[in-house]
Amino acid sequence: MANPSLLILAGDGIGPEVMAEVKKIIGWYGEKRAIRFDVSEDLVGGAAYDVHGVPLADETMARAQAVDAVLLGAVGGPNYDVLDFSVKPERGLLRLRKEMDLYANLRPAQCFDALADFSSLKPEIVAGLDIMIVRELTSGVYFGEPRGIFPDNEGGRVGINTQRYTTEEIRRVARSAFELARRRNNKVCSMEKANVMESGILWREEVQWVHDNEYPDVALSHMYADNGAMQLVRWPKQFDVIVTDNLFGDVLSDCAAMLTGSLGMLPSASLGAPMANGRPKALYEPVHGSAPDIAGQGKANPIACILSFAMALRYSFDLGDEAARLEKAVEKVLADGVRTADLMGPEGGTPVTTAEMGDAIVAALDASL
Ligand code: IPM
Ligand code: MG
């Protein structure tokens, strides 16, 4: 049987540096566990713009559709701020999400014990935290029409975006959340603004419908998203799975990420419908951005990108035990006090480089055998 295929799109800024460490991990699995992948690479974001004049070439899009999973680094950078909106680096990522129809974005926020002191919140609030945000990723205000900047009638301009959700768009992401909850602590909290938005009322009703008809065994609650933001920093352990729309999910997941001590720790999986081989369409990427301020200096934390690969092992390749092995290796390295610059506490110390962190994780994998 052919090896499963991976397309690596390292992208911009720190993307290539952190992805280099993921390649070490992929190599380790091939060599030590006989789990081999056919890996190809291509360009996305500013890196693609520099070569093709667009942030995602059609050939790259076609390759992404054809592989078993895409691993993405990060997109964006100050060089590209001046570009026309339609060719900005972020458009490449949004095209991948939309055309692959990756509607369920899983963003776990887990606090490693060794890092409980690094959160901006008190350690007792975050120690042992383990929540999963499920963000709708292919609809809502990110894609709704009409959109644009138009002249108004007073000689000024008007900027328009449209928040739009259909029954089926809400139901399918709600199902993803309920399925995950069943394998966790069986609790879903749905967040919207049903107090001010009709799309929020529909969201609440459809999530409730999926619950009542298909998942009555899972505990469901609803919360306004602003209250949700407040509750996330007040007492985050009240949550198990949070399901929310594209824009609220973008904001709430950054907030949840910081609970864990560093944005450099948070992986994500973006999943769509099953392909012919039964595997879901899938793209894995760290939640952090391209961090142009530290790019090329060997300072970036590769853990978010490495944990994204662990999610690929679990969700695309049904290798949950191997994913857990990789997650434990990361945990061990952190417990041993290995720290990249973003994980330095006030007491200081000497940070390791991006490559040294990758090597330490490989060594911990070796020790796991
Ligand atoms: C994210 C990012 C993206 C988003 C950007 C880069 C388009 O912030 O994945 O959270 O807004 O979805
Ligand atoms: Mg974001």
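Residues numbered from 1 in each chain as written. Chains lettered and ligands numbered in written order. Predicted model: local features only at pLDDT ≥ 70, side-chain atom pairs only at ≥ 80, totals over all residues. Heavy atoms only, no water.

Going by this rule: UniProt positions are given in the numbering used here, feature names are shortened, and annotations may be inferred rather than shown by experiment.
The protein is annotated in an unreviewed UniProt entry as 3-isopropylmalate dehydrogenase of Phaeovulum veldkampii DSM 11550. Database annotation for the protein, UniProt heading Function (unreviewed entry): "Catalyzes the oxidation of 3-carboxy-2-hydroxy-4-methylpentanoate (3-isopropylmalate) to 3-carboxy-4-methyl-2-oxopentanoate. The product decarboxylates to 4-methyl-2 oxopentanoate." For the protein, the Sequence similarities (unreviewed entry) comment in UniProt is given as "Belongs to the isocitrate and isopropylmalate dehydrogenases family. LeuB type 1 subfamily."

## Some details on the packing of aromatic side chains
Under the convention used in this document: Each Phe, Tyr or Trp ring, with Trp reduced to its six-membered ring, pairs with another whose centre is within 6.5 Å; inter-plane angles below 30 degrees give stacked pairs, above 60 give edge-to-face pairs, and intermediate values give tilted ones. Helix and strand labels come from DSSP, where a helix needs a run of H or I of at least four residues and a strand needs a run of E of at least two; each type is numbered from the N terminus. Each residue is placed in one exposure class: buried if its accessible area under a 1.4 Å probe, protein chains only, is under 20% of its type's maximum, exposed if it is over 50%, and partly exposed if it falls in between.
Under the definition given, this model contains seven aromatic pairs. Ring geometry for phenylalanine 37 versus phenylalanine 309: centroids 5.9 Å apart, planes at 75 degrees, classification edge-to-face. With phenylalanine 37 in the loop between helix 1 (15–33) and strand 2 (38–42) and phenylalanine 309 in helix 10 (residues 303–315), this residue pair connects regions lying 272 residues apart in the sequence. Judged by its relative accessible area of 11%, phenylalanine 37 falls in the buried class.

## Some remarks on the packing of helix 6 (residues 167–182) against helix 7 (residues 198–214)
To keep it simple, the criterion reads: Each axis is a line fitted through C-alpha atoms, and for a helix only the stretch in contact is used; angles between axes span 0 to 180 degrees, taken between their N-to-C directions. Oblique is the label for any angle not under 35 degrees, not over 145, and not in the 65 to 115 range, which are roughly parallel, roughly antiparallel and roughly perpendicular in turn. Each crossing is labelled by how the near helix is turned from the far one, with a counterclockwise turn of less than a right angle marking it left-handed and a clockwise turn marking it right-handed. We call two residues in contact whenever any of their non-hydrogen atoms come within 4.5 Å of each other. Only Asp, Glu, Lys and Arg are considered charged in this grouping, and only Ala, Val, Leu, Ile, Met, Phe, Trp, Tyr, Cys and Pro are considered nonpolar; every other residue, Gly among them, is considered polar.
Between helix 6 and helix 7, the shortest axis-to-axis distance is 9 Å and the interhelical angle comes to 50 degrees. Between helix 6 and helix 7, the angle falls in the class oblique. Relative to helix 7, helix 6 is oriented so that their crossing is right-handed. Judged by residue contacts, Thr167, Ile170, Arg171, Val173, Ala174, Arg175, Phe178 and Arg182 of helix 6 engage Leu202, Trp203, Glu206, Val207, Trp209, Val210, His211 and Glu214 from helix 7. Of the residues assigned to the contact of helix 6 with helix 7, the class counts are nine nonpolar, two polar and five charged.

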